Amino acid sequence: MMKHRWQSGLFAVLMIALSAGCCGVCRSSADASASSVPIVTGATLDVGIQQRLKQSYRPAFFFGDKAPPPRPDYRSINAWAALPARQDDADAAPPNTKFSEAQANAQADVFFIHPTGYAKPDLWNGPIDDPEAVGAVSLVMKYVASAFNAAARIYAPRYRQATLYAFLDYETHSGIQAIDLAYSDVERAFDYFIESFHQGRPFILAGHSQGSNHGLRLLQEKIIGTPLQKRLVAAYLVGMAIPDAIPGILPARSAADTGVVIGWTSYTGNGNPQFLTRDMAIWYKGKYRKCEGLSLVQINPLSWESGGRAVPAAMNTGSLPFYDPLGDLPALIPKVTGADASGPVLIIAKPDVPGFAGSGPDTPLLNAEFGDYHDYDYTLFYESIRQNAINRVKSFVEKRRTR
């Protein structure tokens, strides 16, 4: 359950497990994808908080001690959270958007990788049919992936996502192995998407949080330097540490350039960004490593410029608030916040309207209550993203026609 709160990112279920009081290093050769020497993950936290998170979230075994859940079969529609040929949550649109859902006639596709929705300590990787994970992913489809449905047909795989603690495992290699296994599913889903759905069309790669982490690796391993790169409209890898010097691709510099990478991490001026600017483990240049010391992509989602200076809230045409997990999408609210990407993270103003609440005082990371708006990276700029995806697809199609 989401406890009547919108939470979409890596720590989407952190408050839930804390409030509920939830109290070896080999790999499965059948599921493991190629990776470098394992590293530990983890965050820089107070020792007491670190221990509390460990007691609440860490599986009581090493990654290799228990078999992971069965691999998804991407030939089955049940292995997909969104498909354009059926009605699902990714088809939703706010009642006052200027850009109607248009997947039936879209000229591009989007391969969308969902963020974390599994926090249980039962397994290092969650089953794709876990009821809580299914509910969390459904909300992500409705509030996040739907931002692309005016520009592209949405394909969103379910995958054996790494559990919450995989990103906090400062003591063993189990966390990074869980992330690696999750990526192996995303890679297979992408291969199936290309072979069975794509049909040579332009495509967008998109994700949030854990999804963007896997998207970053997918971009480097499967797209850059291959024929697929010529079909890439853009990679929206939001809410993750994305290096700005990925070999073979550049950050976006305008609202209509194509073949580029886009990302940002949202904070108010008093937020502490070190988890996503120093501690996060990412795939870069053929291996997992911490992001510390790397210059990271920050695109202003109102101007779409790399390192874009401050844009006032008056230019924000619509943020999507979260009120009711069971209801229809609410109306967009204009002028909720501006955005400034001229520093190491995207600086926003604290929203003064309902629908962008924090996760409570016991959630130590990625919590709007402490100035970290990770959960709202997409929804704060929902209408701007919606329009931008349309513009980039249009620009891509026009460029291809003139070649």
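Residues numbered from 1 in each chain as written. Predicted model: local features only at pLDDT ≥ 70, side-chain atom pairs only at ≥ 80, totals over all residues. Heavy atoms only, no water.

Asks: Before we go on, may I ask you to explain the pairing of strand β9 (residues 287-290) in this structure?
Replies: On a regular strand, each side chain points to the face opposite its neighbour's, so the side chains alternate between the two faces of the sheet. The sheet contact formed by strand β8 (residues 281-284) and β9 spans 4 bridges and is antiparallel. Directly across from Tyr-284, in β9, lies its bridge partner Lys-287. (Pairing = 2+ DSSP bridges. Helix = DSSP H or I, 4+ residues; strand = E, 2+ residues; numbered from the N terminus.)

Asks: Would you explain the nonpolar core in this entry?
Replies: Side chains of a nonpolar character, in soluble globular proteins, are inclined to be buried together. Of all hydrophobic cores here, the largest spans 125 residues; its most connected members are Phe-111, Phe-112, Met-141, Phe-148, Leu-205, Leu-219 and Tyr-236. No other element matches helix α4 (residues 174-198), which puts 10 residues into this core. If we ignore the near neighbours within four places in the chain, the residues touching Leu-219 are Leu-205, Ile-224, Leu-232, Ala-235, Leu-237, Ile-246, Ile-249 and Val-261. (Core = buried A, V, L, I, M, F, W, Y, C linked by side-chain atoms within 4.5 Å. Buried < 20%, exposed > 50% of the residue type's maximum accessible area, 1.4 Å probe, protein only. Contact = heavy atoms within 4.5 Å.)

Asks: Whenever I open this one, unusual backbone geometry confuses me. Can you help?
Replies: Leaving glycine aside, a negative phi is the common case for residues, and trans is the common case for peptide bonds. With a phi angle near 65°, Trp-304 is a residue other than glycine that sits in the positive phi range. In this fold, Trp-304 is placed in the loop between β9 and β10 (346-347). By relative accessible area, Trp-304 is classed as buried at 4%.

Asks: I keep staring at the confidence of the model for the chain and nothing clicks. Help me out?
Replies: As a note on interpretation, predicted positions should not be read in detail where pLDDT is low. Per-chain confidence: the chain averages 91 in pLDDT, with 91% of residues scoring 70 or above. Under a pLDDT of 50 for its full length, residues 1-6 has, in the predicted model, 25 contacts with residues more than four places off or in other chains. Ignoring residues within four places in sequence, the model shows residues 8-35, a span with pLDDT below 50, making 94 contacts including any to other chains. (pLDDT = per-residue confidence, 0-100.)

Asks: Before we go on, may I ask you to explain the side chain of Asn-367 in this structure?
Replies: Relative to the elements of secondary structure, Asn-367 occurs in the loop between β10 and α7 (382-402). There is a polar contact of 3.2 Å between the side chain of Asn-367 and the backbone oxygen of Thr-363. (Polar contact = N/O pair within 3.5 Å; in protein donor to acceptor, adjacent residues only side chain to side chain.)

Asks: In this structure, what is going on with helix α3 (residues 131-143)? I would like to understand it.
Replies: An α-helical segment advances 3.6 residues per turn. Residues three or four places apart therefore align on the same side. Here α3 spans 19 Å end to end across 13 residues, near enough to the 18 Å set by a 1.5 Å rise per residue. Every buried residue of α3 is accounted for by Ala-133, Ala-136, Val-137, Leu-139, Val-140, Met-141, Lys-142 and Tyr-143. One side-chain oxygen of the residue at the start of α3 lies 3.2 Å from the amide nitrogen of Glu-132, identifying that residue as Asp-130. (Expected span 1.5 Å × (residues − 1).)

Asks: Help me out: how do you make sense of the packing of aromatic side chains in this one?
Replies: Aromatic ring pairs are described here by two measures, namely the spacing of the ring centres and the angle between the planes. With the rule as written, the count across this model stands at 22 aromatic pairs. The interplanar angle of 70° and the centroid separation of 6.4 Å between the aromatic rings of Phe-193 and Phe-203 together place this pair among those described as edge-to-face. Residue Phe-193 is located in helix α4, and its partner Phe-203 is located in strand β4 (residues 203-208); the two are separated by 10 residues in the primary sequence. Arranged with centres 5.9 Å apart and planes meeting at 70°, the rings of Trp-264 and Trp-304 form a pair that is edge-to-face. Within this pair, whereas Trp-264 is found in the loop between β6 (260-262) and β7 (266-267), its partner Trp-304 is found in the loop between β9 and β10, the two being separated by 40 residues in sequence. Geometry around Trp-283 places Arg-217 over its ring, the cationic atom sitting 3.7 Å from the centre. (Phe/Tyr/Trp six-rings, centres within 6.5 Å; stacked < 30°, edge-to-face > 60°. Lys NZ or Arg CZ within 6 Å of the ring centre and 35° of its normal.)

Asks: What is the right way to read the environment of Ser-295 from this model?
Replies: Examined against the element boundaries, Ser-295 turns out to sit in the loop between β9 and β10. Separated by 50 residues in sequence, Ser-295 and Ala-245 have C-alpha atoms that sit 7.6 Å apart. In contact with Ser-295, other than residues within four places in its own chain, are Ile-242, Pro-243 and Asp-244. Among the polar contacts made by the side chain of Ser-295, one reaches the side chain of Asp-244 at a distance of 2.6 Å.

Asks: I would appreciate a short explanation of empty space enclosed by the protein in the present structure.
Replies: Over the atoms, a rolled probe matching the size of one water molecule traces out where space is still vacant. Estimates place the volume of the largest cavity at around 40 Å³. The wall of the largest cavity is formed by His-114, Pro-127, Ile-128, Ala-133, Val-134, Val-137, Arg-158, Tyr-159 and Gln-161. Along the lines of polarity and charge, the residues of the lining of the largest cavity split into 6 nonpolar, 2 polar and 1 charged. Size it by volume and the second largest cavity reaches roughly 30 Å³. Lining the second largest cavity are Thr-41, Gly-42, Phe-167, Phe-275, Asp-279, Met-280 and Ala-281. Broken down by class, the residue content of the lining of the second largest cavity amounts to 4 nonpolar, 2 polar and 1 charged. (1 Å grid on protein atoms, 1.4 Å probe; cavity = no way out; pocket = protein on both sides within 12 Å on 5 of 7 lines; lining within 4 Å. Points joined across faces, edges and corners; volume = space filled by probe spheres on them. Nonpolar A, V, L, I, M, F, W, Y, C, P; charged D, E, K, R; others polar.)

Asks: What's the story with the packing of α4 against helix α5 (residues 210-223) in this structure? I'm lost.
Replies: Each pair of packed helices gets described by two things: the angle between the helix axes and the distance between those axes. Between α4 and α5, whose axes approach to 10 Å, the crossing angle comes to 60°. If you check the angle between α4 and α5, you find them oblique. The element α4 and its partner α5 pack so that their crossing is right-handed. Along its contact with α4, which presents Ile-179, Asp-180, Ala-182, Tyr-183, Val-186, Glu-187, Phe-190 and Asp-191, the element α5 presents Gln-210, Asn-213, His-214, Arg-217, Leu-218, Glu-221, Lys-222 and Ile-223. By residue class, the composition of the contact of α4 with α5 is 7 nonpolar, 3 polar and 6 charged. (Axes fitted to C-alpha atoms, helices over the stretch in contact; angles between N-to-C directions. Parallel < 35°, antiparallel > 145°, perpendicular 65-115°, else oblique. Left-handed = near helix turned anticlockwise from the far one by under 90°.)

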